[in-house]
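# Structural overview
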Amino acid sequence: MLKIYFLLLLLLLAGCSKQNKKLGLPNTITIVTERSTHHPASVSFQNEFGDYEHLSFNSDSISGQYLPLNIKSRHPGLLQVSHGSQVPAYLVTGDTLRLIPPIRYISNYAYQGKRPGEINFYQLLDQKSLGMNAGDLMGVHRDEEVFHPRVKMLNYLVNQRRALLQRVKDSLALSPEFDRFIQNEITAHYLISLLAPFYRQPYKPQPLRPTYLDTLAHFYSSGFFNQHHLVFSSPGYRRSVIFYTRFLSRASLQTPAAMETLYRTAHEKFSGQTRQYALFSLLKEHLPQNPNVAPFLELGKKDITYKPYRRYLDSLATRPKILTNNPQLLNNALTTLKGEKITWQELLARNRGKVMYVNFWASWFDLSLDQLVLSQQLQARLKESEVVFVYLSVDRPKDKVQWQQTIRARGLTQSNNQHYLINDQSPLATFITGKKDGFPLLNYLLISKTGQVAAIKARPPGDPELQNDITTLLHKE
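Residues numbered from 1 in each chain as written. Predicted model: local features only at pLDDT ≥ 70, side-chain atom pairs only at ≥ 80, totals over all residues. Heavy atoms only, no water.

## Structural notes on unusual backbone geometry
Residues other than glycine predominantly adopt negative phi, and peptide bonds predominantly adopt the trans conformation. Backbone geometry places R115, a non-glycine residue, at a positive phi of 60°. Looking at where R115 falls in the secondary structure, it is placed in the loop between β8 (110–112) and α2 (116–119). You will see that A173, though not glycine, has its phi angle at about 55°, which is positive. On the secondary structure map, A173 appears in the loop between α4 (144–168) and α5 (176–194). (Helix = DSSP H or I, 4+ residues; strand = E, 2+ residues; numbered from the N terminus.)

Shown next as structure tokens:
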């Protein structure tokens, strides 16, 4: 009898497993598509850490058909298809989304799946010219002539989006959960748009109008930042927490007290999971670039109790150490202007006792050439200091002449300059970019006099805080 019972139990479990496969995997969002004449789509999904996971479809070696993509996620979120001007799709765990390839003269993929009204709601906003996109961020608080018309336009957009939601939520069978989600996304996007002066860094101080301050203060007093569940599901809410922290700390931005003020603001102004994310996102941003962040990381170990955040920060904190103790990276070959080979380890040893600022660039990449001008200006200000500027170029060996000519034409031949070629597929380049097929351009390293990596994503040469970071390292033994 007992054997029969266990046999029935196994059959039941097997049946449940098959049913789960039909309905979609728990804690997984599945994306399927088919081959088309268009370039195959890739998708991105923002996870609970605020990072975008970029995934591409693989094909079956026999049939040639694209295999399903499985995205691990315990929380709802927005999926973006990187093809054309594609708008996001709202998905929950267990969903299976079918991407319909675009037909001729249409650039976007179509979405099919359960809850079509929710999945395609962003598409509806876009069709009504009410899409929530980067255009909302332009021009807010730039000057008196632009500020008021721009805010008026934002108020119009947010009201029209809310009105459309009310009109269609029954006909589209929108669930109460989605209704709350999209209401908060509309509000969060409105707030982010108002916070545009704090969106990009470095921050440029400007006089703030009383009406602007009153409008932003309302979001805090209204309890908007007490919706802790949105930390896991709403990209808009997460971004608004980051930018609002900068707004509240605006008097200290671009000063030596910035990090301390930002941390204290995040700790005092928010609570619950929102505080956890505010502190986490602050440390996540500053750990790679700020050589003075160690004391705040120690505070974070006490203040951040959510274990996934703790593990994430621990992994970030170990990355700089890998650059100076991983044998494969230390043996990475570099080529000098004279064609000689040295290793990354030898380069670090040669410059011990000096602060190193490492710039990844290429003679064919205009943006990196623009940064060279700013780098030269920084060198001029630090010419009496023990600072070495190391330029690692990803120019190909066959373009060596062009690389050398660019160095001479740009006047990058000062005694405290060192130039090397690096293979863009080499272990060091792959480690810096985090992927095999990426170019480590516009990446910067800051290395202390003891040969330790103080900042693995150091500030670019035009950032006014970079000189302070270098000065701090110069005064450390």
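## Quick look at the sheet that holds strand β2 (residues 42–46)
Adjacent strands of a sheet form backbone hydrogen bonds with each other and so pair up, either parallel or antiparallel. Judged by pairing direction, the sheet is antiparallel, and its four strands sit side by side in the order β3-β2-β5-β6 without closing on themselves. What marks the edges here is a single partner per strand, and that holds for β3 (52–56) and β6 (89–91). Direction aside, neighbouring strands of the sheet carry axes that sit 30° apart on average. Bridge count between β2 and strand β5 (residues 77–81): three bridges; the pairing is antiparallel. Bridging from a neighbouring strand, S44 pairs with Q80 of β5. (Pairing = 2+ DSSP bridges. Axes fitted to C-alpha atoms, helices over the stretch in contact; angles between N-to-C directions.)

## What to know about the packing of helix α8 (residues 235–248) against helix α10 (residues 272–286)
Put simply, α8 and α10 touch, their axes get as near as 10 Å, and they point 70° apart. Judged by the angle between their axes, α8 and α10 are roughly perpendicular. Here α8 contributes Y237, R238, V241, I242 and R246 to the contact with α10, which in turn contributes T274, Y277, A278, S281 and E285. Tallied by class, the residues present in the contact of α8 with α10 amount to five nonpolar, two polar and three charged. (Parallel < 35°, antiparallel > 145°, perpendicular 65-115°, else oblique. Contact = heavy atoms within 4.5 Å. Nonpolar A, V, L, I, M, F, W, Y, C, P; charged D, E, K, R; others polar.)

## A word on the nonpolar core
The biggest cluster of nonpolar side chains holds 68 residues, and the ones touching the most others in it are F121, F225 and Y309. Aside from chain neighbours lying at most four places away, what touches F225 is L191, F219, Y220, Y237, S240, V241, Y244, F270 and T274. Counting 27 residues, the second-largest nonpolar core is a separate cluster that includes L323, L334, L428 and I432. (Core = buried A, V, L, I, M, F, W, Y, C linked by side-chain atoms within 4.5 Å. Buried < 20%, exposed > 50% of the residue type's maximum accessible area, 1.4 Å probe, protein only.)

## Some details on the environment of N468
The residue N468 is located in helix α18 (residues 464–474) in this model. Given the relative accessible area of 40%, N468 is considered partly exposed. With 212 residues separating them along the chain, N468 and P256 place their C-alpha atoms 7.9 Å apart.

## With respect to the packing of aromatic side chains
For the coordinates displayed, the defined rule picks out 29 aromatic pairs. Relative to Y237, the ring of F225 lies with its centre 6.2 Å away and its plane at 45°, an arrangement referred to as tilted. Remark: Y237 occurs in helix α8 and F225 occurs in the loop between α6 (210–221) and α7 (230–233); sequence separation between them is twelve residues. With a relative accessible area of 3%, F225 lands in the buried category. Measuring from centroid to centroid gives 5.2 Å for F280 and Y312, while their planes differ by 80°, and the two rings are edge-to-face. Residue F280 is found in helix α10, and its partner Y312 is found in helix α12 (residues 307–325); the two are separated by 32 residues along the sequence. (Phe/Tyr/Trp six-rings, centres within 6.5 Å; stacked < 30°, edge-to-face > 60°.)

## Details of the pairing of strand β11 (residues 355–361)
The element β11 is largely enclosed, with a buried count of seven among its seven residues. Here β11 shows a buried face lined by V355, Y357, N359 and W361 and a second buried face lined by M356, V358 and F360. The parallel pair β11 and strand β12 (residues 387–393) is bridged by helix α15 (residues 366–381), and the resulting crossover is right-handed. (Right-handed = clockwise from strand over helix to strand, strands pointing away.)

## A closer look at helix α9 (residues 258–269)
If you check α9, its first and last C-alpha atoms are 16 Å apart, about what twelve residues at 1.5 Å a residue would give, namely 16 Å. By the burial criterion, the buried members of α9 are A258, M259, T261, L262, Y263, T265 and A266. On its buried face, α9 sits against α8, α10 and α11 (294–303). (Expected span 1.5 Å × (residues − 1).)

## Let's talk about the confidence of the model for the chain
Confidence in the prediction of the chain, expressed as mean pLDDT, is 87, and 90% of residues score 70 or more. Within the chain, the element-level pLDDT minimum falls on helix α1 (residues 2–23), averaging 41, and the maximum on α10, averaging 97. With pLDDT under 50 throughout, residues 1–24 is counted as low confidence; its partners more than four residues away or in other chains account for five contacts. (pLDDT = per-residue confidence, 0-100.)

## Observations regarding the pattern of salt bridges
Under the defined criterion, the tally for this structure stands at eleven salt bridges. Where R264 meets E260, a salt bridge forms, and the shortest distance between an N and an O atom there is 4.0 Å. Placement of both R264 and E260 in helix α9 is noted, with a separation of four residues, approximately one turn of the helix. A salt bridge links E465 to R459; the nearest nitrogen and oxygen atoms lie 3.6 Å apart. The same class applies to E465 as to R459, namely buried. (Salt bridge = Lys/Arg side-chain N within 4 Å of Asp/Glu carboxyl O.)

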